[in-house]
Amino acid sequence: MKKFRKVLDGLTTSSPGGTIGSPSCGSAAGTPTATPTPKEIDIQETLVSENFQLCKTVRHGFPYQPTALAFDPVQKILAIGSRTGGVRILGRPGVDCYCQHESGAAVLQLQFLINEGALVTACADDTLHLWNLRQRRPAVLHSLKFNRERITFCHLPFQSKWLYVGTERGNTHIVNIESFILSGYVIMWNKAIELSTKTHPGPVVHLSDSPKDEGKLLIGFESGTVVQWDLRLKKADFRIYYDEAIHSVGWHHEGKQFMCSHSDGSLTMWNLRNTTKPFQVTFPHGETLTHGKIQKDGRKESCKPILKVEYKTSRNSEPFVIFSGGLSYDKAGRRPTLTIMHGKAITVLEMDYPIVEFMALCETPYNNEVQEPYAVVVLLEKDLIVVDLTQSNYPVFENPYPMDVHESPVTCTAYFAECPPDIIPILYSIGAKHKKTGYSQKEWPIAGGTWTLGSHTYPEIIITGHADGSIKFWDASAITLQMLYKLKTSKVFEKPKPGEGRAAELVEEDPFAVQMVSWCPQSRIFCVVGISAHIILYRFSKYDANTQIVSLEVRLQCETEDVISPSENENNPCFSESSPHSPQPHHQQQQQHPPSPGSGTPEGNKDSIPHLKVKDRMVRVPPGYQAELAIQLLWIDGEPPQQITSLDINSAYGLLAFGNCNGLAVVDYLQKTILLCMSTLDLYGAADPYQRLTRSPRRNRQSTSEFCMRGLSNFYSDSKKRIRTSYQSLTELSDNQQSIDMERSKSPTSVHYPTSLHNDPRILPEPVASLRASHCSPVFYLLDNVKGPGRKLSLPTDLKTDLDHVNGHCTSPTSQPCPAGKPRIPMGPEGPRLTRRGPGRPPFRKAQSAACMEISLPVSHTEVGYASRRAMLQQLHGVTMYSHDEHHTSAPYCWSERESRENSFSRSRSSSVSSIDRDTKEAITTLQFGESYGRKSDALPTPCLWVGTSLGVVLLIPMSIPTDHEERMEEPVTIGPSGTVLMLKGSVLRFGFLDCMGAIIQSPFEVWRDLNAPQDPDRPRRRKLVHFSPSSSQDSCGEGHLAVVCSERQAKVFLMPSQSCLFVHNITESSFVLRADVVSVCNSVCLACFCANGHVMTLSLPSLRPLMDVNYLPLTDMRIARTFCFTNGGQALYLSSPTEIQRITYSQEMCDNLQEMLGELFTPIETPEAQNRGFLKGFFGGNSHNFDREELFGEAAAGKASRSLAQHIPGQVGMEGMKVAASGAVGELARARIALDERGQRLGELEERTALMMTSAESFSKHAHELMLKCKDKKWYQF
């Protein structure tokens, strides 16, 4: 079997014309190939493994799925817990810390040890944790795991070391915060209630000590029972039984009365003098506000529960009653509300999202003083707002944190380090003009902690694209995040009109969603790719202008009615205009040729128009990014175009290139013309490395089977992987297997098998049986932001009705029922008659929000990840993509429209595709402009376009661009494929160029100039270009440069122009690379890769030595794959949740400096003194100050708690604890070293002072001797 695999591997790698740079030319990973390295290339690599370490730096955005809230009124820091076990601690801008519980259990409640620098968290796994906040990276000091009871509520009195813990059984336990040991003192539920009570009171929902007497504990049970427990006497002072369930309790600061909120929307006020009944019952949004509205049957108006109430007093005004909920049920459609009752004034604040928790911020931490609330923090499901209570209109504070990253779901990200220093201030100044107004004029109240600008800072910008078509620029310098500027791409188009029939069915629900961006910071040219197969080019200007957007329409789609004949396209020349493979360019400048859909066009071409309509009138655009050009791919016969998979723009050349799975297009955006528009197959010309058989259907089937056979070695290695369904297995889509087979037989491209073969995979050959079995576990992608019951969940590409690319093998590109009115292709004995059609066109679907796509994956041995890059790329790019190491068979499924709708998937709308097409189609996966050598014979570098495809092929396209400014605007740019073909395994992901000294060669760019600025007649504006030619900086080193090419499987370094492969490294065999980039780290260059199995790797350049390989995180959802990106300086980022951006570093230098860059959470502050209560209040107000909890709860008095009740876990377990301990040891060593240095310095200073004293003594002795000699002969009377 091993020999057989080797033979198959040889068949797979061998291909005509592919000897240069083919995989077979490489030797061991990271070693030179058979081609000798030229003597003139002698690069000293400086990077070593010690330069790399992977760690998280900071997390930005809103905490995903928040659950709890806490505030320290002295330190003025805020903590937010989440459902995934995360804790975010926020202070002044720059003070932002993220902690994660190892268990991942949801955080139920948070309690600060006020002004102590510590935090207690209660989690859903019934564990209490104590966090130390006196270090920049908080760590768990103690944990206490409850074994027999579930935690429901916690309360920690101010300046107390005893934590009250209520449980689901109704018991109240007491925990010592210092030792995290359970006290033997327990308040059992059956002792708290009367013995005559026959029912259980329910879980504990409230615990608080009386402001009047700390020795009295108020316990609220869910059923409506309230008990005040005397801790000293161990008995109940009073018991209250109320009909309605209790949600929360709030004390008056004097401790004589309290307020309860109930499930019927009522508030009850209780006086401790008479607890038999409440002295006041109000329905704030029911009976009271509707003036005693009573229903016909005599019942009161029903209201929603009031989930929380806070009762806060003020010296100079009426008390504040703040609560959430309580609205009347008959007011349908009302948004979640927060109600503020201040005296007789009632203010209802409507929120955009449901309220999770709120908390009033008060001046004093003491509960027995006048509270003086000044703000309310409201934690919503997707936002955090703070309301100013000191102003009558209750304005909100402007949030300084980047909490609106997810305002519209994030669909793509880009990360730019070391930007030009002037770009951030100018973006901020323009973005500030469009900020919202009406905020409170006071400073942000959450102002705790300290943060200083670190010494290792440089300009960084993060760009996020969103589902609504908006673009946000963020200042990411110094590990902070601040919004700079927002751009709305939807303003380029007219508002889409609702369609009818099938056109409406195909229309994208988020037609402006951003798919990818390309930005040149030096020239400030910005390019956006949208999900509707459109591209918008923007220029930056500091002035507003009246402009008209030029529109170009490109038909990057193969002809649909050309029937393949056996002799068709023999020796087709590369530039054949009439080639049926070539997409036909159709461009239109709207100033000159306004569109006229009805002007004599045939009925069949009526749909050959873009889905979105560009504004064809003069528009006034504000300063900032102004649209100059819009490029759209045409719809053909009512079918949407394939989405764009790659994009590059170069401001020096004035060119823009983009591609999809149909072909490549190059646009001159200076002259607004289309230079090149051709299929990928035509780019090869005679240099096509693949034998693409375009003969008869029978022969094609044979070639397909041969194609599968060549990949058996890959097939067997991946055959054990199964991708789990995260929604519903394929067998649930149909009543039985036979119905699936019936549907399969309807597909024009399905392979006809006897029924017995369908039902018994054992009869099939082994590879076919494995493929058939793999269809039982397709990949289903879920969108978690479904808006309503009619919302359709959709596969992100052409739906692949056969759910291709299962277990790493493409089964069929697309197949679907024929559109209405078109007959099906009859099945003959030799298979269907093959009609030349375009590749599968994806249905326009709901925008693939990178924030809302999740997929459940199996754990295969030790690696977790996608079994197939194809399955991942369907969701990543929304197109069908093929790779020469993943092979195809023809076994599609075809779902009926009824089944598709029942299962909330949109059905495939693409035409049937023959296996001939499948073998000839390949997607353009990456593009890069740069100065290079298009042919081996070139002596000087010329402008070139590097093209990478999904079959692992690299094509070079040289270009001739006029250099003079006037000629560039008038003379055409000529482009001609050179025939140069380089080969790699897997889809090509990234290009990088190095000179012969090993330094990065940047792409040339145009220096930014403001086209709308007032012109100076003496100094006309001309284009100023900056070129980085490979031969300009290496006269002594010889000509040429190095090209680094990385694919999903391997990386290669080529020497140009000889095109010899110097180094090759197989990055991964069991997984595939998702993201790769050539980045600068520590004044050198490396190749950084992120794999689907979660590994982050760096390779040296040009030798491709492995420097770092860390198993960081498994690819558990497509959000990470879509948003992961590297940048210079050893940094990277990805969307860790739908609302949060996680930044990481893989540089040891930055890890060392991270402590200095982070903010301090704890600052030493004097605890405010309690107010003097006065003699009378002290005499009559109870003896709360004489209460000693240690006497009651200590081991001497209360004894030990049962060991089986709770388990104490000291410190942090696992590797993280070892890391913390190691970092602590390193810190101790560093402090010891500093102390030694200081001691040595002091000793040196002491030595200097001793020498000075000796010199001074000698001088004094000398002067004394001189004085003695002068005076020794004198008599006493002579003085």
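Every value quoted in this text rests on a predicted model; they were computed, and no experiment measured them.

Draft legend 1. Up close: the pairing of strand β65 (residues 1106-1111). The sheet contact formed by strand β64 (residues 1095-1100) and β65 spans 5 bridges and is antiparallel. Across the sheet, His 1095 pairs through a bridge with Asn 1111, a residue of β65. As consecutive antiparallel partners, β64 and β65 are separated by 5 residues, and within that stretch Leu 1104 has a phi angle of approximately 60°, a positive value.

Draft legend 2. Highlighting a negative patch on the surface. Together, Asp 964, Glu 967, Glu 970 and Glu 971 make up a negatively charged patch on the protein surface. Inspection of the secondary structure assignment puts Asp 964 in the loop between β53 (953-960) and α14 (965-970). Judged by its relative accessible area of 31%, Asp 964 is partly exposed.

Draft legend 3. Molecular detail of the sheet that holds strand β69 (residues 1206-1210). In spatial order, the strands read β7-β8-β9-β10-β69; together these 5 strands make up an open sheet with antiparallel pairing. Of all the strands in the sheet, the pair left with one neighbour each is β7 (107-113) and β69. On average, each strand axis in the sheet is inclined to that of its neighbour by 15°, with strand direction left out of account. For strand β8 (residues 118-123) and strand β9 (residues 127-132), the ladder comprises 5 bridges, and the chain directions are antiparallel. In the strand pairing of β9, Ala 122 is matched with Leu 128.

Draft legend 4. How the structure looks around helix α3 (residues 423-432). Of the positions making up α3, those classed as buried are Ile 423, Ile 424, Ile 426, Leu 427, Ile 430 and Gly 431. As for α3, its buried residues are in contact with β31 (460-466), β32 (470-475), β33 (482-488), β34 (514-520), β36 (534-541) and β40 (624-633).

Draft legend 5. Up close: the packing of aromatic side chains. Under the defined criterion, the tally for this structure stands at 27 aromatic pairs. When the centroid spacing of 4.9 Å and the interplanar angle of 80° are considered together, the rings of Phe 158 and Tyr 366 count as edge-to-face. Note that Phe 158 is positioned in the loop between β11 (151-155) and β12 (162-167) and Tyr 366 in the loop between β27 (355-362) and β28 (373-380), a separation of 208 residues in sequence. Among the residues examined, Phe 158 registers a relative accessible area of 17% and is labelled buried. With a relative accessible area of 12%, Tyr 366 lands in the buried category. Centroid distance Phe 1090 to Phe 1124: 4.1 Å. Interplanar angle 10°. Geometry classified as stacked. On the criterion of sequence distance, the pair formed by Phe 1090 in strand β63 (residues 1084-1091) and Phe 1124 in the loop between α15 (1118-1123) and β66 (1125-1127) is long-range, its members being 34 residues apart. The same class applies to Phe 1090 and to Phe 1124, which are both buried. Taken together, the aromatic side chains of Phe 416, Phe 473, Tyr 485, Trp 519, Phe 526, Tyr 538, Phe 540, Tyr 625 and Trp 1008 make up a single cluster linked through ring pairs.

Draft legend 6. Representation of the confidence of the model for the chain. When the pLDDT values of the chain are averaged, the result is 75; 68% of them are 70 or greater. Low confidence marks residues 560-582, where pLDDT is under 50. Its contacts with residues over four positions away, or in another chain, come to 49 contacts. Low pLDDT (under 50) marks residues 1213-1222, which in the prediction has 5 contacts with non-local residues, meaning those over four places away or in another chain.

Draft legend 7. A look at the nonpolar core. Counting 33 residues, the largest nonpolar core has Ile 461, Ile 463, Phe 473, Trp 519, Phe 526 and Tyr 625 as the members making the most contacts within it. Considering every element that reaches this core, the biggest residue donor is α3, with 5 residues. Not counting residues within four places of it along the chain, the set of residues in contact with Trp 519 comprises Phe 416, Cys 419, Ile 423, Ile 461, Ile 463, Phe 473, Arg 524, Ile 525, Phe 526 and Tyr 625.

Draft legend 8. Geometry of the side chain of Asp 72. Positionally, Asp 72 belongs in strand β3 (residues 66-72). There is no salt bridge for the buried Asp 72, and the closest opposite charge comes from Lys 76, which lies 8.4 Å off by N-O distance. From its side chain, Asp 72 meets the backbone nitrogen of Val 74 in a polar contact 3.0 Å long. Among the polar contacts listed, one links the side chain of Asp 72 to the backbone nitrogen of Gln 75, at a separation of 3.1 Å. Those residues within four positions of Asp 72 in sequence are excluded, and the remaining contacts are Ile 77, Phe 112, Leu 113, Ile 114 and Asn 115.

Cut-off values and rules
- Residues numbered from 1 in each chain as written.
- Predicted model: local features only at pLDDT ≥ 70, side-chain atom pairs only at ≥ 80, totals over all residues.
- Heavy atoms only, no water.
- Pairing = 2+ DSSP bridges.
- Helix = DSSP H or I, 4+ residues; strand = E, 2+ residues; numbered from the N terminus.
- Patch = residues over 30% accessible without salt bridge, like charges linked within 9 Å, V, L, I, M, F, W, Y side chains within 5 Å.
- Areas by Shrake-Rupley, 256 points an atom, 1.4 Å probe, with all protein chains shown as cover.
- Salt bridge = Lys/Arg side-chain N within 4 Å of Asp/Glu carboxyl O.
- Lys, Arg positive; Asp, Glu negative; His and termini not counted.
- Charge placed at Lys NZ, Arg CZ, Asp CG, Glu CD.
- Buried < 20%, exposed > 50% of the residue type's maximum accessible area, 1.4 Å probe, protein only.
- Axes fitted to C-alpha atoms, helices over the stretch in contact; angles between N-to-C directions.
- Contact = heavy atoms within 4.5 Å.
- Phe/Tyr/Trp six-rings, centres within 6.5 Å; stacked < 30°, edge-to-face > 60°.
- pLDDT = per-residue confidence, 0-100.
- Core = buried A, V, L, I, M, F, W, Y, C linked by side-chain atoms within 4.5 Å.
- Polar contact = N/O pair within 3.5 Å; in protein donor to acceptor, adjacent residues only side chain to side chain.

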